[in-house]
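Here is how the chains run, residue by residue.
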Amino acid sequence: KNQVEQSPQSLIILEGKNCTLQCNYTVSPFSNLRWYKQDTGRGPVSLTIMTFSENTKSNGRYTATLDADTKQSSLHITASQLSDSASYICVVTPNRDDKIIFGKGTRLHILP
Amino acid sequence: DGGITQSPKYLFRKEGQNVTLSCEQNLNHDAMYWYRQDPGQGLRLIYYSQIVNDFQKGDIAEGYSVSREKKESFPLTVTSAQKNPTAFYLCASKGGSEAFFGQGTRLTVV
């Protein structure tokens with residue numbers, strides 16, 4: 001069964017610190033893997049998108065990595081800001097154009 | 001401006017009433033999806049449609065119904081059979097390699 005597992009479930013860090021969120025998946029083969037940021041009560045917004053052949057993709061202070069051999073992805077946030085407080089969702093699209101596979105997300109809280 | 005629009009943003013209904021949530025996209029996407037999100041929980045798939053006049057049940061379809069008469073529109077009806085309808089509902093569409101999300105509708109049943 002195609003699955004996406006994220007860890008930790010929640011994370012609290014101080015403003016200015018770095019953090020790394022994990023995503024393990026069993027979806028294979030897949031078209032792409034994306035990380036989304038979802039603010040409370042809002043729709044998810046895309047941060048990064050990677051195909052299976054890409055290892056890393058950056059978007060400002062966000063850097064995503066992908067290891068297709070171990071089926072793991074990570075999202076690294078540098079110099080965290082209060083506005084980074086949100087849920088971060090890992091999403092995998094199988095090669096077949098049907099369901100989108102979502103992780104349950106990591107809730108990140110940035111403390112001042 | 002291309003995008004996906006959900007309306008209304010907030011919706012209140014009395015218990016036992018059916019209610020329909022709107023989702024419209026002008027991205028020319030074939031695939032559209034409805035998800036439910038409860039506080040502190042991940043997104044759960046209710047229904048999805050890959051093409052006009054066709055749709056499939058997701059993981060939690062009981063108590064919900066959809067239609068896909070036009071490519072641009074994928075309305076979701078929350079029926080009185082849905083035992084716990086209060087939640088945040090997200091609509092998405094997919095074309096090519098990326099999914100786009102609406103801003104969500106928060107439904108509260110009193």
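As the structure is a prediction and not an experimental result, all values here were calculated from the model. (Residues numbered from 1 in each chain as written. Chains lettered and ligands numbered in written order. Predicted model: local features only at pLDDT ≥ 70, side-chain atom pairs only at ≥ 80, totals over all residues. Heavy atoms only, no water.)

### What about the pattern of salt bridges?
For the record, the criterion: Each salt bridge in this description consists of a side-chain nitrogen of Lys or Arg and a carboxyl oxygen of Asp or Glu lying within 4 Å of one another. Numbering of helices and strands starts at the N terminus; helices are DSSP runs of H or I of at least 4 residues and strands are runs of E of at least 2. Per-residue accessibility, obtained with a 1.4 Å probe over protein chains only, is compared with the maximum for each type, and a residue is labelled buried under 20%, exposed over 50%, and partly exposed between these values.
Following the criterion strictly, the structure yields five salt bridges over all chains and no others. A salt bridge links Arg-61 of chain A to Asp-84 of chain A, with the nearest nitrogen and oxygen atoms 2.8 Å apart. Taken together, the positions of Arg-61 of chain A in the loop between strand S6 (56-59) and strand S7 (62-67) and Asp-84 of chain A in the loop between strand S8 (72-77) and strand S9 (86-94) put the pair 23 residues apart, joining distant regions of the chain. Between Lys-71 of chain B and Asp-30 of chain B there is a salt bridge, with the nearest N and O atoms lying 3.4 Å from each other. Of this pair, Lys-71 of chain B sits in the loop between strand S7 (64-66) and strand S8 (76-78) while Asp-30 of chain B sits in the loop between strand S3 (19-25) and strand S4 (31-37); the two residues are 41 residues apart in sequence, bridging distant segments of the chain. Judged by relative accessible area, Asp-30 of chain B falls into the partly exposed class, the value being 41%. Bridged by salt links that share partners, the residues Arg-36, Asp-38 and Arg-44 of chain B form one connected network.

### A closer look at the interface of chain B and chain A
What counts here: We call two residues in contact whenever any of their non-hydrogen atoms come within 4.5 Å of each other. Residues adjacent in sequence count toward polar contacts only when both atoms are side-chain atoms; beyond that, a polar contact is any pair of N or O atoms within 3.5 Å, and within protein one must be able to donate a hydrogen and the other to accept it. We call Asp, Glu, Lys and Arg charged. Ala, Val, Leu, Ile, Met, Phe, Trp, Tyr, Cys and Pro are nonpolar, and the rest, Gly among them, are polar.
Taken together, the contact between chain B and chain A spans 22 residues of the former and 19 residues of the latter. Across the chain B-chain A interface, the total number found is zero salt bridges. Counting across the interface, chain B meets chain A through two residue pairs in polar contact (both at pLDDT 80 or more). For the side of chain B that touches chain A, the elements supplying multiple residues, two or more each, are S4, strand S5 (43-51), strand S9 (87-95) and strand S10 (98-101) of chain B. The dominant element in the side of chain B that touches chain A, judged by the number of residues it contributes, is S5 of chain B, at four residues. Among the residues making up the side of chain B that touches chain A, the classes are represented as nine nonpolar, eight polar and five charged.

### Brief notes about the confidence of the model for chain A
Which entries qualify depends on this criterion: Each residue carries a pLDDT score, the predictor's confidence in it, ranging from 0 to 100.
Overall, the predicted model of chain A reaches an average pLDDT of 90, with 96% of residues at or above 70. Of all the helices and strands in chain A, strand S10 (residues 101-102) of chain A carries the lowest mean pLDDT, 85, while S8 of chain A carries the highest, 97.

### Description of the pairing of S5 of chain B
Residue and element names in this part refer to chain B. What counts here: What makes two strands pair is DSSP finding at least two bridges between them.
Sheet topology note: the S4/S5 ladder contains six bridges and is antiparallel. When the bridges of S5 are listed, Gln-37 appears paired with Leu-43. As paired elements, S5 and strand S6 (residues 54-57) share three bridges and run antiparallel to each other. The residue of S6 that forms the bridge with Tyr-47 is Lys-57. In sequence, S5 turns back onto S6 through a hairpin of two residues, with Asn-53 there showing a positive phi of about 65 degrees.

### So, the sheet that holds S7 of chain A
Strand-to-strand pairing in sheets goes through backbone hydrogen bonds, with the strands running parallel or antiparallel. Residue and element names in this part refer to chain A. Heads up, the rule is: All axes are obtained by fitting lines to C-alpha atoms, using only the stretch in contact for helices, and the reported angles, taken between N-to-C directions, cover 0 to 180 degrees.
Pairing is antiparallel in the open sheet, where five strands are placed in the order S1-S3-S8-S7-S6. Of all strands in the sheet, those with a lone pairing partner are strand S1 (4-7) and S6, marking the two edges. The sheet shows a mean angle of 15 degrees between the axes of neighbouring strands, direction not considered. With six bridges connecting them, strand S3 (residues 19-25) and S8 associate as antiparallel partners. Counted as the bridge partner of Thr-20 is His-76 from S8.

### A look at the sheet that holds S7 of chain B
Residue and element names in this part refer to chain B. Spatially, S1-S3-S8-S7 is the arrangement adopted by the four strands of the open sheet, whose pairing is antiparallel. Among the strands making up the open sheet, the edge pair consists of strand S1 (4-7) and S7. Averaged over neighbouring strand pairs, the angle between their axes works out to 20 degrees when direction is ignored. Relative to S8, S7 runs antiparallel, the two sharing three bridges. Looking at the pairing, Val-66 lines up with Leu-76 of S8.

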